[in-house]
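# A closer look at the structure
The lines below spell out each chain.
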Amino acid sequence: MKPVRLQINHRKNPLGIDDKKLRFTWNVDGGITQTAYRVSVKNAENEIVFDSEKVPSSSMNCAADFRLKSREKYFWNVTVWDDNGESEGSETAWFEAGLFSDDWSAKWITSGLVSDGERLPADCFKTDFSIDGKVKRARLYATALGSYTAYVNGTRLPGVLAPGTTEYGKKLHYQTYDVTDLLKQDNRLAFTLTDGWYMGKLGYGNAHNQYGNQRKLLAQLVIDYEDGRKQTVITDENFDWSNDGPVRYADLKDGEIYDSRLVPTYSGKAKLTDYGVIPTASESDGIFEAEHFPAKLLISPTGSKILDFSQNLAGFIKFRIKGESGQTIRLRMTEVLDNGEYSRATIKVEEGSPEILQEIVFTCNGEEQFFEPEGFYSGFRYALVEGLDEVNAEDFEAVAVYSKLDFTGKFTCSNEKINKYHENTVWSLKSNFVDVPTDCPAREKSGWDGDAQVFSTTAAYLCDSAAFFRKWLTDVRDCQHADGRVLNVSPTPFPETDNWEMHQAAGWGDAAVIIPYRLWKFYGDRNFITDNLDLMLGWYRFARHAAEDKSEKKAALSDPDNPNRQYYVPSSPYENYVIESGNHWGEWCEPEFDFLSEVHLPKPELTTAYAHYTTGLLAEMLREIGMDVKAAECEEFSQKAKEAYNYYFVKDGHVNAPRQAPMVRSLALGLLDGEAEKSVANDLNESAVNRNYTVGTGFLSTPFVLGVLVKYGYADTAYRMLENTKAPGWLAMVEGGATTIWEDYIMYDENNHPLSHSMNHYSPGAVCAFLYDTVCGIRISGENRFTLQPLPGGTLTSAKAEYNSAYGKIVSEWERKNGKTVFSFEIPSNTTAKLILPDGTEALLKSGKHSFEC
């Protein structure tokens, strides 16, 4: 039995961390049961700084209680013992501490220029230095207000769009780079600084300068020599500066203007400035280039030259070009074509807002040039080429960029359209996991918490999302208002008071509780509870107050002309468990309903359902960490909200709403009991059948609908919905040629003109969790424990899922042969799986391979 897949705080060999709590995890390969472990950590001098000693336990995690030293590199391994008493050690893993706050000697620098709304050229900073001796190691620590690209001796350092985005007034992340092998006798350290999230266009309003109007840079290069000496190169007033380089501007949404005839002169000097936030290391690994896609040249009906990269993605275009000096080339990127022509449909903005350009404007210098952007990424599949008489498609490639992720889920089945939908969902995850979980890469690029919430289960199957969400939950905490409300978008890209009444949206703000809960369940890490405890209790406090505060209701009912009077509930002993204030996004993109106009209506059925559900999850987490008194309070509120729901919204055993979403919600969130459960489940089934198995739910309820149908005995209906190819339906997107997930199920009008929703929006892809947890039946049921309950159905003749979980890779596969179904399973070492087959067969499976037939 060998320990493998070593991680610290959900990361593999991280460079530059400053975590206060350290949690080591591993899997084991071979053997049946781990009976004990020992974790040992040494510093670079081979001194033991932590030793758990031998711990009798099957747990594959260990918390360490030692304090990191700034810039120290650590090496660790784990030894495990199996049920025969045999031991084996792991390969050595490592992690390195970052630059702690007391060790920053660098000074903030700036150009001194302030943007009053106009676009400023990129800042170019550099310094030259020499080394004196044999270098042992060299680390660059850098951050910015804006987006920076760092160069050492002309080599561009890895990663893009650094330092990512945070709630800048409270947190700013720095990156750590190993530049040891890049140093020579004489060296140049250079930076290009653009607007990034700090000053660039953000949110649905596309306003500039949301966080500030002056770009700033902070960097410190520390060189350790073999003889023990140390040399430090810091940003200060001695850095050279100019803004006369080739990047005339770069914006996250608008793109980049690049004049290759220009070379920065660095004729000026940096100016000293300051910033009140001490930078800290990010909890995740940053944004990097990933897949590259070649171009195909299309000629539109009107003769336009359009590049097709065959995959909708988030990223940018690299190209090689040689043109006449002064010749300008323009690439205009888009997700969709309109009957073969370039279209701006999916980047349309609200009336009166600045438009989104998504374009690269490149001026040639007469020589062959290679271009890659700085400070810009977009959502696109196509690019309109202007300014070139002849376009050689081989000169262009699209590059996907997203946060560094370990992909953990694989699914295939006999229905190729389902396989394609799963692939498209993975691509929408990639396109929107860009430091924060965005809604779409072309239009808003914003971390909407409701979208992240509905997708969080599917994300945990598809990739190891723990570190990514750990970072983003820090942003959510930083954005939480003093009264406990959770902002719709974190980090917030607009003034806090903008749409203030929306910042209590049910299902959106509830992400503050639901996402930590799901991460705890998937990864077994109680830190997701303790780190977010104040966030969750704050949201609970706000929700209770919102339920008890009836001032908005009283004002509305006192106005005989108020059209919303009908939506408020009558007074009763249950009234104080129903939230009747604020506006709520509700079932966004619910088919056949004007969901946007309903945003401003009271939604007491929705809010009461989530009040019950979320406080119940919170109570369970509080029990886990020993806060039993507070847990009991939450349990009581959850139960009262359930009673209120049944009092107001369930009549004669039926949910008093003619739409699918309340039926799904009431069943999925545990609001019904007894005969009401059966009646509402039957109503849902009839609704699905009457709709010819098309989807009738919006964002919030879509993740639950198929699982609910299966739970109450309507598996055939669930499979018919899954395999339906008519809109509104998941596979209708595949029929429509999608390579990612659409925001809405219908994206073209009757004349095949594209509509204005996003074509890269992962929320409807949340249904893919059903492929793992029901079609193949893989569920985590506790530490080192799974439940396997596969459910063959529909026209599928086979299905297979592989899931590299926190406890190891589990495989579930089935195939229909000669009137029987053959099941094959692979259970990871040191785990067990409770097997439940469709014919009622049950078994407890230990690690290894197993086959059954029924």
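Here is a short report on the structure shown in this document. All chains use their own residue numbering, which begins from 1 and follows the written sequence. Given that this is a predicted model, residues contribute local features only at a pLDDT of at least 70 and side-chain atom pairs are listed and counted only at 80 or more, while totals for whole chains, interfaces and linings are drawn from all residues. Note: side-chain values were computed over all heavy atoms of the structure, leaving out hydrogens and water.

### Quick look at the overall build of the protein
Applied cut-off: In this text, helices come from DSSP runs of H or I with a minimum length of four residues, and strands from runs of E with a minimum of two, each type numbered from the N-terminal end. Each radius of gyration reported is based on C-alpha atoms, and the globular scaling rule is 2.2 Å times the count of residues to the power 0.38. Buried means the residue's accessible area, taken with a 1.4 Å probe over protein chains only, is under 20% of the maximum for its type, while exposed means over 50%, and partly exposed covers the values in between. Only heavy atoms enter the contact rule, under which two residues are in contact if any of them lie within 4.5 Å. With residues, only the protein chains shown are counted as cover, and all accessible areas are computed by Shrake-Rupley using a 1.4 Å probe.
For the protein, the count of helices and strands is 16 helices and 46 strands. Whereas a compact globule of 854 residues would reach a radius of gyration of roughly 29 Å, the protein reaches 28 Å, a difference of no more than 12%. Considering the protein as a whole, with its 854 residues, one finds that 62% of them fall into the buried category. Across the protein, every contact between residues at least 6 apart in sequence was considered, and the portion connecting residues at least 24 apart equals 73%. Approximately 32100 Å² of the protein is accessible, and the part contributed by carbon and sulfur atoms is 46%.

### Digging into the layout of surface pockets
Rules: Each cavity reported here is a set of points on a 1 Å grid over the protein atoms alone in which a 1.4 Å probe fits but cannot get out, each pocket an open set with protein on both sides within 12 Å along at least five of seven lines, and each lining residue one with an atom within 4 Å of a point. Grid points are joined across faces, edges and corners, and a volume is the space filled by probe spheres set on the points. Note on residue classes: Ala, Val, Leu, Ile, Met, Phe, Trp, Tyr, Cys and Pro are nonpolar, Asp, Glu, Lys and Arg are charged, and everything else, Gly too, is polar.
Empty space within the largest pocket amounts to approximately 1400 Å³. Taken together, 50 residues form the lining of the largest pocket, with Thr457, Tyr461, Asp773, Arg779 and Ile780 sitting closest to its centre. Of all the secondary-structure elements, those providing two or more residues to the lining of the largest pocket are helix H3 (449-462), helix H5 (511-523), helix H9 (604-624), helix H11 (660-668), helix H13 (702-711), helix H16 (769-775) and strand E41 (778-782). Considering each element in turn, the lining of the largest pocket owes the most residues, eight residues, to H13. For the lining of the largest pocket, the residue count by class is 28 nonpolar, 13 polar and nine charged.

### A few points about the pairing of E41
Stated precisely, the cut-off is as follows: Following DSSP output, two strands are said to pair if at least two bridges run between them.
Alignment of E41 against strand E42 (residues 785-788), held across four bridges, turns out to be antiparallel. Within the sheet, the bridge partner assigned to arginine 779 lies in E42 and is threonine 787. Between the end of E41 and the start of E42, which pair antiparallel, lie two residues, with asparagine 784 showing a positive phi angle near 65°.

### Points about empty space enclosed by the protein
Enumeration according to the criterion identifies seven cavities of 30 Å³ or more in this entry. The space that makes up the largest cavity amounts to roughly 200 Å³. Taken together, the elements giving at least two residues each to the lining of the largest cavity come down to strand E1 (2-8), strand E3 (22-29) and strand E43 (798-805). The greatest single-element share of the lining of the largest cavity, amounting to four residues, is contributed by E3. Looking at the lining of the largest cavity residue by residue, the classes come out as eight nonpolar, eight polar and three charged. Roughly 130 Å³ of volume is contained in the second largest cavity. Lining the second largest cavity are 18 residues, with Asp510, Trp539, Ala543, Ile579 and Ala611 sitting closest to its centre. Taken together, the residues that form the lining of the second largest cavity break down as 12 nonpolar, five polar and one charged.

### Quick word on the environment of leucine 172
Looking at where leucine 172 falls in the secondary structure, it is placed in the loop between strand E15 (155-156) and strand E16 (173-178). Leucine 172 sits 27 residues away from leucine 145 along the chain, and the two C-alpha atoms are 8.4 Å apart. Not counting residues up to four positions away in its chain, the partners in contact with leucine 172 are Trp108, Thr143, Ala144, Leu145, Pro163, Thr166, Val277, Ile278, Pro279 and Thr280.

### Comments concerning the sheet that holds strand E12 (residues 123-130)
One open sheet holds the six strands; their spatial order is E15-E14-E17-E12-E20-E23, and the pairing between them is antiparallel. Of all the strands in the sheet, just E15 and strand E23 (268-269) have a single pairing partner and so form its edges. Relative to strand E17 (residues 186-194), E12 runs antiparallel, the two being bridged by eight bridges. Looking at E17, one finds that cysteine 124 is bridged to threonine 192.

### Brief notes about unusual backbone geometry
Note: most residues except glycine have negative phi, and most peptide bonds are trans. The step from serine 490 to proline 491 runs through a cis peptide bond, and the omega angle for that step is -10°. Following the sequence through the fold, proline 491 ends up in the loop between helix H4 (466-479) and H5. Positive phi outside glycine occurs at aspartate 435, with the angle close to 70°. Its location among the elements puts aspartate 435 in the loop between strand E37 (433-434) and strand E38 (436-437). For aspartate 435, a relative accessible area of 4% corresponds to the buried category. The phi dihedral of aspartate 652 is positive, around 55°, even though this residue is not glycine. Judged by its relative accessible area of 76%, aspartate 652 falls in the exposed class.

### What to know about the pattern of salt bridges
In plain terms, the rule: Here, a salt bridge means any side-chain nitrogen of Lys or Arg that lies within 4 Å of a carboxyl oxygen of Asp or Glu.
By the definition in use, this model includes 63 salt bridges. Measuring nitrogen to oxygen at the nearest pair gives 2.6 Å for the salt bridge that ties arginine 691 to glutamate 592. Of this pair, arginine 691 sits in the loop between helix H12 (674-690) and H13 while glutamate 592 sits in the loop between helix H8 (551-557) and H9, and the two are 99 residues apart along the sequence. A relative accessible area of 57% places glutamate 592 in the exposed class. A salt bridge links aspartate 628 to arginine 623, with the shortest nitrogen-to-oxygen separation between them at 3.5 Å.

### Side note on the sheet that holds E3
How we decide: Helix axes are fitted only over the stretch in contact, all axes being lines through C-alpha atoms; the angle between N-to-C directions runs from 0 to 180 degrees.
Pairing is antiparallel in the open sheet, where three strands are placed in the order E1-E3-E7. The two strands at the open ends of the sheet, each matched to only one other strand, are E1 and strand E7 (61-64). Across the sheet, the mean angle separating the axes of adjacent strands is 25° when strand polarity is ignored. Both E1 and E3 contribute to a ladder of five bridges, which runs antiparallel. Considered in E3, the bridge of isoleucine 8 is made with phenylalanine 24.

### Regarding the packing of aromatic side chains
This is how it is decided: For this analysis, a ring pair means two rings from Phe, Tyr or Trp (six-membered ring only for Trp) whose centres lie within 6.5 Å, classed as stacked if their planes differ by under 30 degrees, edge-to-face if by over 60, and tilted for the remaining angles.
Evaluated as defined, the whole model comprises 48 aromatic pairs. Arranged with centres 5.3 Å apart and planes meeting at 85°, the rings of tryptophan 448 and tryptophan 585 form a pair that is edge-to-face. Of the two residues, tryptophan 448 sits in the loop between E38 and H3 while tryptophan 585 sits in the loop between H8 and H9, which places them 137 residues apart along the sequence. In terms of burial, tryptophan 448 and tryptophan 585 fall into one category: buried. For the pair tryptophan 585 and tryptophan 588, a centre-to-centre distance of 5.7 Å together with 85° between the ring planes defines the contact as edge-to-face. Summarising the burial analysis for this pair, tryptophan 585 and tryptophan 588 share the class buried. The structure contains a cluster of three or more aromatic residues connected by ring pairs, namely Phe24, Phe50, Phe66, Tyr74, Trp76 and Phe95.

### A word on H13
Along H13, the residues classified as buried are Thr702, Phe704, Val705, Leu706, Val708 and Leu709. Following H13 by one or two positions, glycine 713 has its phi on the positive side, about 95°.

### So, the side chain of asparagine 685
You can see asparagine 685 is positioned in helix H12. For asparagine 685, a relative accessible area of 12% gives the class buried. When residues no more than four places from it in sequence are discounted, the contact partners of asparagine 685 are Leu709, Tyr714 and Thr717.

The analysis is restricted to geometry; functional conclusions fall outside its scope.
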